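# Tertiary structure, described
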Amino acid sequence: MPHEAAFLKLIYLAAAVLFILGLKGLAHPRTALRGNLLAALGMLLAIVVTLTDHRIVDFRIIIAGFVVGGLSSAILAYRAPMTAMPQVVAVFNGLGGGASALAVGAAFEEALRGEWIEAITIQFSASAAAAALVGAVAFTGSAVAFGKLQGVMQEKPVLLPGRHAVNVTLLVACVVLSAWHVWGYTPFLFAASPSAAEELSRGVAAAELRQEFHSRGIELSPELHIKPAGENEWHITDPTNKVTYEARLQDGRLGIHGRSALPFWIMVAVALVLGVLLVIPIGGADMPVVISLLNAYSGIAAAGHGWVLNNSVLIVAGSLVGAAGFILTALMCKAMNRSLANVAFAGVGAEVSTATESEDIYAGKVKSASAEEVALMLDGARRVVIAPGYGLAVSRGQYAVQDLTKALEAKGVEVEFAIHPVAGRMPGHMNVLLAEVNIPYEKLKTMEEINPTFRQTDVVLVVGANDVVNPMARNADPSIPIAGMPILDVDQARSVVVIKRSLSPGFAGIANPLFAADNTLMLFGDAKKALTDLVVALKET
Ligand code: NAP
């Protein structure tokens, strides 16, 4: 191995180690920042070293890509509010998958042009097919997920008739096209005269060869690029038909094997349609799981891209993203007590409750209270649990939560936080919000830890949460979008105070009987304002 290649591999190995250490660091809030920096450093190393590769011929395009891609993603990430992070992740996943599909396609086209057709091994073409299939599905699937979360598309599942059969057919079509792409086409063998081989060596296609193609319905163009590829082996590129043939002479017989990018690009087109059809039947409330799954897909596509280019750092980074995405998907499904098949195929959320149903649940039973009344309740409590949700993020009320926690603790009240795994709009959303205001990590309790303690809790303060505390989830009726999802059992506490602006439903679009429960009081208003009012009232009691 030349020194240069060994050095490249060594740096790639260092980058891979940094990715793994980074991922490990991300597993705990205390080490997450360092983990993120380590992974970013790994990526910087990988990029810089890749740019020293002598095969890179034009830095202008690379720099232009850096500037356009870097600037637009930085602007997107800075400008997007925290609540829109899932959409941002969907965009990045989709672009990653799409980029992998295009890059392997470009590598295949380049190889076909004859420059390095010898690189088209089974590993090369099979990895290219897998990366492009998964990358294309991730691209359009993520675009649909983005549309649903951003509200530019209907959030409810779109259940087309015969959708399962259509999807299976498209998948089979992708597999058949991939097989065609991997094995090439027009393989045939014929007894060639010695002059045919001699003419090929001079770069000329013998009339005899043209005749053989003609008898199989293929007209070779007058201008062919023929170049030797070893002893008694040639590559014949037909620029008009965009097919490259491998020709090999053995025992007086000339074997011909054609390769074209056509099956590859048709497969990509079918996979793009498949990505749309796989995601439209999934409801908006299940989008976190879908985004995590598509994240795993974009990782697989990147790993496949790495196999195509024989690039170890891409293989490692892609595999890490793929594995992490699948593990997160499994954890989220577990948190909702659903199987992945149920999320992907059941069309949960197609039917949501109507205004009349909400009316039935709430009529005459909802009690509201003022900040002063709630402050009095809190003042007399020994243990208070705060259950935050999406509304806290919308109102940016985390600093007010910090003030309220301090005010309660100053009065000797024990305060803990109930963190539901899918509260907010992205995994870990509530952890991030509360970490921003230095709420000690020990106070954040997972659903499993906090649920058994609600019976010993005097007051639960539900701040901008809805679906994750909705007792309807205990109902097994599959038409309820959150049926079977484990929830925070806040209704078991002595008193519940819900802070939100109205009786509007949450993400899943259904009414919440908790708001009408005997032990519940509603404190209507923006979460930040209501919490600030509570702090003021608490200090005055
Ligand atoms: P939710 O069910 O979406 O409910 C949020 C509630 O916040 C709404 O009912 C809204 O009621 C209230 N709200 C909005 N702005 C507010 C403000 N300024 N002040 C006070 N309240 C405000 O939220 P959740 O209980 O956190 O549940 C999360 C849901 O999102 C789940 O269905 C989950 O599957 C889904 N999801 C989760 C993720 C994830 O990864 N965590 C990602 C995407 C989707 P008002 O309008 O009446 O105020």
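Anything mentioned here points back to the structure above.
An account of the accompanying structure is given in this report.

### Considerations on the site of the ligand
- In the vicinity of the ligand there are 29 residues, among which Arg425, Asn466, Asp467, Arg501 and Ser502 approach most closely.
- One of the backbone nitrogen or oxygen atoms of Gly424 is found 2.9 Å away from an oxygen atom of the ligand.
- The contact in question runs from an oxygen atom of the ligand to an N or O atom on the backbone of Pro505, over 3.4 Å.
- When the ligand sits alone it has 920 Å² of accessible area, and the protein chains cover 97% of it.
- Of the pockets mapped on this structure, the ligand occupies the second largest pocket.
- The dominant element in the shell around the ligand, judged by the number of residues it contributes, is helix α15 (residues 390–395), at four residues.

### Description of the layout of surface pockets
- Here the second largest pocket is characterised by a volume of approximately 690 Å³.
- Along the walls of the second largest pocket sit 40 residues, with Tyr390, Arg425, Gly464, Gly506 and Phe507 positioned nearest its centre.
- Only α15 and β10 (495–500) provide two or more residues apiece to the lining of the second largest pocket.
- Top element by residues in the lining of the second largest pocket is α15. It accounts for four residues.
- Class assignment of the residues belonging to the lining of the second largest pocket gives a composition of 23 nonpolar, ten polar and seven charged.

### Considering the environment of Leu444
- In this structure, Leu444 sits in strand β8 (residues 444–446).
- Considering only alpha carbons, one finds Leu444 and Ala6, 438 residues apart in sequence, at a separation of 47 Å.
- Those residues in contact with Leu444 that sit more than four places away from it in its chain are Phe417, Ile419, Asn431, Leu434, Ile439 and Glu449.

### Description of the nonpolar core
- If you look at the biggest cluster of nonpolar residues, it comprises 116 residues, and the most contacted ones within it are Leu488 and Leu534.
- When residues of this core are assigned to their parent elements, the largest contribution, eleven residues, is made by helix α5 (residues 122–150).
- Each residue touching Leu488, except ones within four places of it in the same chain, is listed here: Ala387, Ala418, His420, Met447, Ile450, Asn451, Phe454, Val468 and Val469.
- Counting 22 residues, the second-largest nonpolar core is a separate cluster that includes Phe188, Ala205, Leu209 and Leu224.

Calculation notes
- Residues numbered from 1 in each chain as written.
- Predicted model: local features only at pLDDT ≥ 70, side-chain atom pairs only at ≥ 80, totals over all residues.
- Heavy atoms only, no water.
- Near = heavy atom within 4 Å.
- Polar contact = N/O pair within 3.5 Å; in protein donor to acceptor, adjacent residues only side chain to side chain.
- Areas by Shrake-Rupley, 256 points an atom, 1.4 Å probe, with all protein chains shown as cover.
- 1 Å grid on protein atoms, 1.4 Å probe; cavity = no way out; pocket = protein on both sides within 12 Å on 5 of 7 lines; lining within 4 Å.
- Sits in = over half its atoms within 2 Å of the grid points.
- Helix = DSSP H or I, 4+ residues; strand = E, 2+ residues; numbered from the N terminus.
- Points joined across faces, edges and corners; volume = space filled by probe spheres on them.
- Nonpolar A, V, L, I, M, F, W, Y, C, P; charged D, E, K, R; others polar.
- Contact = heavy atoms within 4.5 Å.
- Core = buried A, V, L, I, M, F, W, Y, C linked by side-chain atoms within 4.5 Å.
- Buried < 20%, exposed > 50% of the residue type's maximum accessible area, 1.4 Å probe, protein only.

Structural measurements only, silent on function.
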